[in-house]
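Read off the chains here:
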Amino acid sequence: NAGVTQTPKFRVLKTGQSMTLLCAQDMNHEYMYWYRQDPGMGLRLIHYSVGEGTTAKGEVPDGYNVSRLKKQNFLLGLESAAPSQTSVYFCATKGISAPNTEAFFGQGTRLTVV
Amino acid sequence: KNEVEQSPQNLTAQEGEFITINCSYSVGISALHWLQQHPGGGIVSLFMLSSGKKKHGRLIATINIQEKHSSLHITASHPRDSAVYICAVHRMEYGNKLVFGAGTILRVKS
């Protein structure tokens, strides 16, 4: 998906380690979201941001923190990784003004916590 | 009850068949997405709808706002259509967040 880049694409962590996932977009979108995808379940919202400097909790925020210091970047942090955080993480972005209201997705980050 | 329900969960079709995947939602929305995800792959938006019908190639998406229901149709299905199809709605609330259905796993056999 042009315009939304997630890094890294894969990562294996040991329990208790920390890491940061980066979502970068070049579409000047206001809204950015972090979701996790687990087998048999729909994507669930972790945190989201409606603009630079703002963040809000989604459905499953525990164990995660986020920051949006720059409009183009939305960071998802795991301070002390747990096996329950093994998942595929997707970032999405969305504009607020037509015609830029469609959502775009990153390619995903596959995280395994052992 | 999930805010977005999809059916069926799994679907196997023969090449050439007409396929329908359904999505029902229970909340106020500003728009609805149909998304496609290939195994191990990223998520691609196929359609964004707020009313009526859209067509792109062999794919057709319809939405009925009054009935809170949308359908994705695939005509003349092909094995390369095999993927997970996900319905997602933009909630009418702060942040306009996307709420996802669980997805429909489609397999098209040749």
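You'll find the structure just up there.
The residue numbering used here restarts from 1 in each chain and proceeds along that chain's sequence as written. Chain A is the first chain written and ligand 1 is the first ligand written, with later ones labelled in order. The predicted nature of this model means local features are confined to residues of pLDDT at least 70 and side-chain atom pairs, given and counted, to a pLDDT of 80 or more, with totals for whole chains, interfaces and linings taken over all residues. Based on all heavy atoms of the structure, the side-chain values leave hydrogens and waters out of the count.

## Points about unusual backbone geometry
No. 1: Going from Thr7 of chain A to Pro8 of chain A, the amide bond is cis rather than trans, its omega being -5°.
No. 2: Segments assigned H or I by DSSP are reported as helices when at least four residues long, segments assigned E as strands when at least two residues long, and all are numbered from the N terminus. Of note, Pro8 of chain A is situated in the loop between strand 1 (4-7) and strand 2 (10-13).
No. 3: In this chain, Ser7 of chain B is followed by Pro8 of chain B through a cis amide linkage whose omega measures -5°.
No. 4: The residue Lys68 of chain B is not glycine, and still its phi comes out positive at about 55°.

## A short note on the interface of chain A and chain B
No. 1: The interface is formed by 21 residues belonging to chain A together with 20 residues belonging to chain B.
No. 2: Buried area, as used here, totals the accessible surface that two parts lose on assembly, with accessibility defined by a 1.4 Å probe and the loss added over both. Taken together, both faces of the contact between chain A and chain B bury some 1700 Å²; the carbon and sulfur share is 62%.
No. 3: We count a salt bridge whenever a side-chain nitrogen from Lys or Arg sits within 4 Å of a carboxyl oxygen from Asp or Glu. Joining chain A to chain B, the criterion identifies zero salt bridges.
No. 4: In protein, a polar contact requires one atom able to donate a hydrogen and another able to accept it; more generally it is a pair of N or O atoms within 3.5 Å, and residues adjacent in sequence count only if both atoms are side-chain atoms. Where chain A packs against chain B, one counts four residue pairs in polar contact (both at pLDDT 80 or more).
No. 5: Elements represented by at least two residues in the side of chain A that touches chain B include exactly strand 4 (31-37), strand 5 (44-51), strand 9 (87-94) and strand 10 (103-105) of chain A.
No. 6: It is strand 4 of chain A that contributes the most residues to the side of chain A that touches chain B, four residues altogether.
No. 7: Gly is placed with the polar residues, together with every amino acid not listed as nonpolar (Ala, Val, Leu, Ile, Met, Phe, Trp, Tyr, Cys and Pro) or charged (Asp, Glu, Lys and Arg). Along the lines of polarity and charge, the residues of the side of chain A that touches chain B split into 11 nonpolar, seven polar and three charged. Any two residues having at least one pair of non-hydrogen atoms within 4.5 Å are treated as being in contact.

## Here we look at the packing of aromatic side chains
No. 1: Here is the rule: rings of Phe, Tyr and Trp (six-membered ring for Trp) pair when centre to centre is within 6.5 Å. Planes less than 30 degrees apart are stacked, more than 60 are edge-to-face, and the remainder are tilted. All told, the structure shown has six aromatic pairs over all chains when counted by the stated rule.
No. 2: Plain terms: the ring middles of Tyr33 of chain A and Tyr48 of chain A are 6.3 Å apart, the flat faces sit at 25° to each other, and that makes the pair stacked. Of the two residues, Tyr33 of chain A is situated in strand 4 and Tyr48 of chain A in strand 5; the sequence distance between them amounts to 15 residues. The exposure classification of Tyr33 of chain A matches that of Tyr48 of chain A, with both residues buried.
No. 3: Three or more aromatic residues joined by ring pairs make a cluster, and in this case those are Tyr31, Tyr33, Tyr35, Tyr48 and Phe105 of chain A together with Phe100 of chain B. Accessibility here uses a 1.4 Å probe with only protein chains present; expressed as a share of the type maximum, an area under 20% marks a residue as buried, one over 50% as exposed, and anything in between as partly exposed.

## Comments concerning the sheet that holds strand 3 (residues 19-25) of chain A
Residues and elements named next belong to chain A.
No. 1: Taken in spatial order, the four strands line up as 1-3-8-7 in an open sheet, and their pairing is antiparallel. Among the strands making up the open sheet, the edge pair consists of strand 1 and strand 7 (64-67). The average undirected angle you get between the axes of adjacent strands in this sheet is 15°.
No. 2: When DSSP finds two or more bridges between a pair of strands, those strands are recorded as paired. Judged from the four bridges that link them, strand 7 and strand 8 (residues 73-78) form a sheet pairing that is antiparallel. For Ser67, the partnering residue across the bridge sits in strand 8 and is Leu75. The angle between two axes is taken between their N-to-C directions and runs from 0 to 180 degrees, where each axis is a line fitted to C-alpha atoms and a helix contributes only its stretch in contact.

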